[in-house]
Amino acid sequence: MADATINKELLQAILTMTTELKALKVERQGHQGSNEITIDILARSITPFTHNPDSELTFESWYNRYRDTFLEDGKGLSESARVRLLLRRLDASAYEKYASNVLPKNPAEISFDDTVKYLTKFFGRGESLFCQRRKCLQIVKNDLDDYTTHAGIVNRHCENFLLSSCSPDHFKALIFVLSLQSEKDVYIREQLLSKLETEPSEKINLEFLTDEARRLANVKVDSRQGVTQEVKFVKKEPPKSKGKTSANSGQKGKPPRPCFLCGEMHYSRDCPHKNTVCSECNEVGHKTSYCPPKRPTETSKKNNTSYKTQKKKTGNANAIFSVNSVSDQIMSRKFVTPRVNGIPIELQYDTAADVTIITIDT
């Protein structure tokens, strides 16, 4: 009889426990369903996050806008539900970058506070404090902005400047580095910027940066000493043309045209005939064949004869009945070899007629 009573009580306890477990399961399912409904409602009120540091769209600014939505409106949510809500409002690119950086952890298993910390780190402004402070000091009002808009821009940049943490020594150091604008100071400026970012804030001051700049300048000078390698460039001359002479091959800076005092290829200021007496006009300063009244219209280095000499050789003629041949002396041409885009191109100096059959009287 006693055993039957014990079995009956044990059976009753088992039934009671089973009923309580079913009720707890239903309650949990109801709570999870309630969380999902709340997440859906809150998600509609939150704009998806897209990282764009150039437009000041960082996670910090985005989260500050919706902080109360996560912490106050979502107060009834469990921590894992808040994490799911936060991750749901990241765009595909931001979520992929975040998930890749927290591996091997599962993003859903990270606490809400740590998730916010990681996202703030990964999706910040992407620029140093020095860069933000420099932008603040270089603000210029846009003509299209009204004064209220401009005041907001100034206020935001001043907040990014972190005025409360900028001591007088830090401000002097900032101005010192900003003043190094010369090309020869590029290396020193880069190194000092690195010091501003890595050295403890209490160590940064004008004296420290001055000593560091002096040390870097000395290292730069020392690195150049002892390296005295002489570099010589050999310029390959183009092949000389048939009509060119080699008299001026060693001359520097060839002129664009022959000397008008003697017809040779050099500048008139260097002409050796400046003291030559012309037999035509008895003036000093040019060759007889290049006397201004008798100056030929086409000369060469191989043929520097005057019109008078040519006239004696050819004589007068009223008509020419036939031309059987042309003298090689007359056919000698002048060529120049200018460089076009570094490529030598051979050109005839004078494009006029090589030979004329018009009589002198005409």
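Residues numbered from 1 in each chain as written. Predicted model: local features only at pLDDT ≥ 70, side-chain atom pairs only at ≥ 80, totals over all residues. Heavy atoms only, no water.

### Remarks on the packing of helix α2 (residues 59-73) against helix α3 (residues 79-88)
α3 packs onto α2 with a crossing angle of 135 degrees between their chain directions and a minimal axis gap of 12 Å. One element, α2, and the other, α3, form an angle in the oblique class. Of the two possible hands of crossing, α2 and α3 adopt the one that is right-handed. Contact residues: F59, W62 and F70 in α2; R82, L85 and L86 in α3. (Axes fitted to C-alpha atoms, helices over the stretch in contact; angles between N-to-C directions. Helix = DSSP H or I, 4+ residues; strand = E, 2+ residues; numbered from the N terminus. Parallel < 35°, antiparallel > 145°, perpendicular 65-115°, else oblique. Left-handed = near helix turned anticlockwise from the far one by under 90°. Contact = heavy atoms within 4.5 Å.)

### Digging into unusual backbone geometry
If a residue is not glycine, its phi is most likely negative; likewise, a peptide bond is most likely trans. Along the chain, L103 connects to P104 via a cis peptide bond; the corresponding omega equals 10 degrees. Tracing the backbone shows P104 in the loop between α4 (92-101) and α5 (112-122).

### Thoughts on the nonpolar core
By size, the foremost hydrophobic cluster in this structure holds 26 residues, and its most contacted members are F59, W62, F70, L85, L86, Y98 and F123. Where this core is concerned, the elements lending two or more residues are α1 (2-44), α2, α3, α4 and α5. With sequence-adjacent residues up to four places away left out, Y98 is seen in contact with L87, P107, I110, T115, Y118, L119, F122 and F123. One finds F161, C166, V177 and L216 within the second-largest nonpolar core, a separate group that totals 16 residues. (Core = buried A, V, L, I, M, F, W, Y, C linked by side-chain atoms within 4.5 Å. Buried < 20%, exposed > 50% of the residue type's maximum accessible area, 1.4 Å probe, protein only.)

### Comments concerning α2
For α2, built from 15 residues, the straight-helix expectation of 21 Å at 1.5 Å per residue is met to within 8% by its first-to-last C-alpha distance of 20 Å. For α2, the principal kink sits at Y66 and spans about 55 degrees. Where α2 is concerned, the buried positions are F59, W62, Y63, Y66, T69 and F70. (Expected span 1.5 Å × (residues − 1). Bend = angle between axes of the 7 residues up to and from the residue.)

### Digging into the environment of L86
Looking at where L86 falls in the secondary structure, it is placed in helix α3. You can call L86 buried: its relative accessible area is 0%. Spatially, the C-alpha atom of L86 lies 9.6 Å from that of I39, the residues being 47 residues apart in sequence. Sequence-distant contacts of L86, that is, excluding residues within four places in its chain, are made with F59, W62, F70, F112, T115, V116 and L119.

### Some remarks on the packing of aromatic side chains
Aromatic rings considered in pairs are described by the distance between their centres and by the relative angle of their planes. Applying the stated criterion across every chain, the model contains 12 aromatic pairs. A ring pair is formed by F49 and W62, whose centres lie 5.6 Å apart and whose planes are at 55 degrees; its orientation type is tilted. You can see F49 sitting in the loop between α1 and α2 and its partner W62 sitting in helix α2, a full 13 residues away along the chain. Taking the relative accessible area as the measure of exposure, F49 reaches 1% and is therefore buried. Chaining the aromatic ring pairs together yields one cluster made of F49, F59, W62, Y63, Y66, F70, F112 and F123. A cation over a ring is seen here: R82 above F112, with NZ or CZ 5.4 Å from the ring centre. Positioned above the aromatic ring of Y118 is the side chain of K117, whose terminal nitrogen or guanidinium carbon lies 5.6 Å from the ring centre. (Phe/Tyr/Trp six-rings, centres within 6.5 Å; stacked < 30°, edge-to-face > 60°. Lys NZ or Arg CZ within 6 Å of the ring centre and 35° of its normal.)

### Examining the packing of helix α8 (residues 168-178) against helix α10 (residues 206-224)
Relative to each other, α8 and α10 sit at 30 degrees, their axes nearing to 8 Å. With respect to each other, α8 and α10 are oriented roughly parallel. Residue-level inspection shows K172, A173, F176 and V177 of α8 in contact with α10, the latter providing L206, L209, T210 and A213. When the residues that make up the contact of α8 with α10 are grouped by side-chain class, the tally is six nonpolar, one polar and one charged. (Nonpolar A, V, L, I, M, F, W, Y, C, P; charged D, E, K, R; others polar.)

### Some remarks on α8
Listed in full, the buried residues belonging to α8 are H170, A173, L174, V177 and L178. On an axial view of α8, the arc spanned by its buried residues comes to 130 degrees, and they lie on one face. Here the buried face of α8 lies against α6 (129-137), α7 (147-161), α9 (186-198) and α10. (Arc of directions from axis to C-beta.)

### Let's talk about the pattern of salt bridges
Taken as a whole and assessed by the stated rule, the structure comprises seven salt bridges. Residue E199 pairs with K203 through a salt bridge whose shortest N-O separation is 3.4 Å. For K203, a relative accessible area of 40% puts it in the partly exposed group. The salt bridge partner of R215 is E212, with a shortest N-O separation of 2.5 Å. Taken together, the residues span about one helical turn, with R215 and E212 both in helix α10 at a distance of three residues. The class for R215 is partly exposed, based on a relative accessible area of 41%. E212 sits in the buried class, given a relative accessible area of 8%. Ionic contacts of the salt-bridge type, sharing partners, join the residues K195, E199 and K203 into one network. (Salt bridge = Lys/Arg side-chain N within 4 Å of Asp/Glu carboxyl O.)

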